[in-house]
Amino acid sequence: MRTETIALHAGYEADSPVRSVAVPIYQTVAYEFDSAEHAAALFNLETEGFRYSRISNPTTAVLERRVAALEGGVGALCLGSGQAALHSAILSIANVGRNIVSVPQIYGTTHTLFSHVLPHMGINVRFAASDSAADLERLIDADTMAVYCECVGNPAGNVCDIEALAKMAHGHGVPLLVDNTVASPVLLRPIEFGADIVVHSLTKFLGGHGTTLGGAIVDGGHFPWDQHAKRFPMLNEPDPSYHGLVYADHFGSTAYIERCRNFCLRTTGAALAPLSAFLLLQGVETVALRVERHVRNALRVAEALRKDSRIAWVNYAGFPESPYYPLVQKYLGGQACSLLTFGVHGGVQAGMRFYDALRLIKRLVNLGDAKSLACHPASTTHRQMTPTEQAKAGVTPEMIRLSVGIEHVDDILADINQALAAAQAGQVELASAFNSQR
Ligand code: PLP
């Protein structure tokens, strides 16, 4: 089935006797056992079923099956946010003394996780000079547990050469872990190009309504963990945290995602609430339609900005002159997502006046909402990074990031136009109480 159909149907069949067409919300913490023997079999992973909602829940399980189907993976695990998903994805395979090799163009909080949180646990993240396979390869050694990239970087908009990165990583016996949040599985299915693990912030395009935080880890099921037993003992040797379970032997192709659930989620507890899973499913149903409109509107906005003499520069990989244009054709079917960045003539001050003058487009930190959103990465999402780190991540002081929404494009363009005019005339009416106090 195609993406549009999967988004509506995958992972759910009406259950007897109610036959609810909508996915029911199983708002329960626990599940009744038939007997002591049944309980033991569940905890021994000998029989399928639900034990406790921190580990799995029937509503969340539908979302997991649907996201796995959208990405073409063998299984998925949903968690409370995109950051929780990435954290668990890494903790499930990396421990003290090990390292991750990453591209530099990543979301600011991920950068903080990599530079300031994982190192406290003895996991070092090595940042490559660029997103090229050659630059990443230089940093790999016997303790590297994953190569990491955002398929499309937030906010840099760089498109990673997934096939080249996967080939390079696999040559060293290392999996490729990608964040596919910005592209979404509507535009890109990284597993088809060799990625092994895909993480998502479901909060963004998949949810799409800006109501609900959530994250997912998807297991491609192709990485031969058993052939790299020395590097990955946690999947190939008895796990003392689960009374001696050997994940690769017990689960085969789903070994990794089962470890994410039974080692990481079970013990660290960043579970997704069933109501959140239900709300996210409402969004997933329409993701293909929304992304189509997001992309079409973003192209119109990018073209209008490029023509506008009040704009100093526009970064949008859908322009033929972008170095990433060929990768947009190869990986995104020619559709350059709906994030774009630009600078207003007049530098940071002019940019801030433009930002403050927006009326329709929301000032906030989020992306992938149906509504158009604007953010100033240097002072918000990427604020914890040093100026050098920001520059490597593709963040400049004057940069404004737009997540172009699905409103009528003429209304989006009109708002940008009026904000540019107000910024130039210096007549910015500060919208919020916070702004008027500044
Ligand atoms: N990945 C990317 C690319 C993001 O932009 C974000 C948030 O903006 C996240 C992950 C984190 O997602 P969440 O806010 O759901 O934790």
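Here's a quick rundown of the structure. (Residues numbered from 1 in each chain as written. Predicted model: local features only at pLDDT ≥ 70, side-chain atom pairs only at ≥ 80, totals over all residues. Heavy atoms only, no water.)

**Overview of the nonpolar core**
Nonpolar side chains tend toward joint burial in soluble globular proteins. Quick note on the threshold: Residues enter a nonpolar core if they are buried and are Ala, Val, Leu, Ile, Met, Phe, Trp, Tyr or Cys, with the set joined through side-chain atoms within 4.5 Å. We call a residue buried when its accessible area falls under 20% of the maximum for its residue type, exposed when it is over 50%, and partly exposed in between, using a 1.4 Å probe and counting protein chains only. For the domain bounds, the source is a domain assignment made automatically or taken from a database. We call two residues contacting when some pair of their heavy atoms lies within 4.5 Å.
Residues Leu-63, Ile-217, Val-301, Leu-332, Leu-340, Phe-342 and Phe-354 are the most contacted members of the largest nonpolar core, which totals 130 residues. A domain-level breakdown of this core finds at least three residues from each of domain 1 (3–283) and domain 2 (288–437). With residues up to four places along the chain from it excluded, the contact list for Leu-63 reads Cys-78, Leu-202, Leu-272, Ala-277, Leu-280, Leu-281 and Val-284.

**Brief notes about the layout of surface pockets**
Taking a probe equal in size to a water molecule and rolling it over the atoms shows the remaining empty space. The test is simple: The way it works is a 1 Å grid over only the protein atoms, where trapped points that fit a 1.4 Å probe form a cavity and open points with protein on both sides within 12 Å along at least five of seven lines form a pocket, and then any residue with an atom within 4 Å of a point lines it. Grid points are joined across faces, edges and corners, and a volume is the space filled by probe spheres set on the points. A run of H or I in DSSP counts as a helix once it spans at least four residues, and a run of E counts as a strand once it spans at least two, with each numbered from the N terminus. Classification convention: Asp, Glu, Lys, Arg as charged; Ala, Val, Leu, Ile, Met, Phe, Trp, Tyr, Cys, Pro as nonpolar; all other residues, Gly among them, as polar.
Taken as a whole, the largest pocket spans an internal volume of roughly 610 Å³. What lines the largest pocket is a set of 22 residues, and nearest its centre among them are Glu-48, Gly-49, Ser-56, Glu-258 and Arg-261. At the level of secondary structure, the elements contributing two or more residues to the lining of the largest pocket comprise helix 3 (58–71), strand 1 (75–79), helix 10 (247–251) and helix 11 (255–268). Counting residues per element, the lining of the largest pocket draws most heavily on helix 11, which supplies 4 residues. Broken down by class, the residue content of the lining of the largest pocket amounts to 8 nonpolar, 7 polar and 7 charged. As a volume, the second largest pocket reaches approximately 360 Å³. What lines the second largest pocket is a set of 22 residues, and nearest its centre among them are Gln-83, Tyr-107, Asn-154, Ser-201 and Lys-204. Counting only elements with at least two residues in the lining of the second largest pocket, the list comes to helix 4 (82–91) and strand 6 (197–201). In the lining of the second largest pocket, the residues fall into 7 nonpolar, 11 polar and 4 charged.

**Concerning empty space enclosed by the protein**
In this structure the tally under the stated criterion is 4 cavities of 30 Å³ or more. Of the volumes computed, that of the largest cavity is approximately 100 Å³. Looking at the largest cavity, it is lined by 15 residues, and the ones nearest its centre are Val-152, Gly-157, Ala-317, Ala-336 and Leu-339. Its residues placed into classes, the lining of the largest cavity shows 12 nonpolar, 3 polar and no charged.

**Examining the sheet that holds strand 9 (residues 339–344)**
Convention followed: A pair of strands counts as paired when DSSP detects no fewer than two bridges linking them. What counts as an axis is a line fitted to C-alpha atoms, over the stretch in contact for a helix, and the angles between N-to-C directions run from 0 to 180 degrees.
Spatial strand order, 8-9-12-11-10: 5 strands in an open sheet with mixed pairing. Each edge of the open sheet carries a strand with a single partner, namely strand 8 (311–315) and strand 10 (362–363). Across 3 bridges, strand 11 (residues 373–375) lies against strand 12 (residues 400–403) in antiparallel orientation. Residue pairing for strand 12: Ala-374 is matched across the bridge by Leu-402. Strand contacts of helix 13 (residues 287–307): strand 8, strand 9 and strand 12, with the helix running at about 15° to strand 9, the strand carrying the most contacts.

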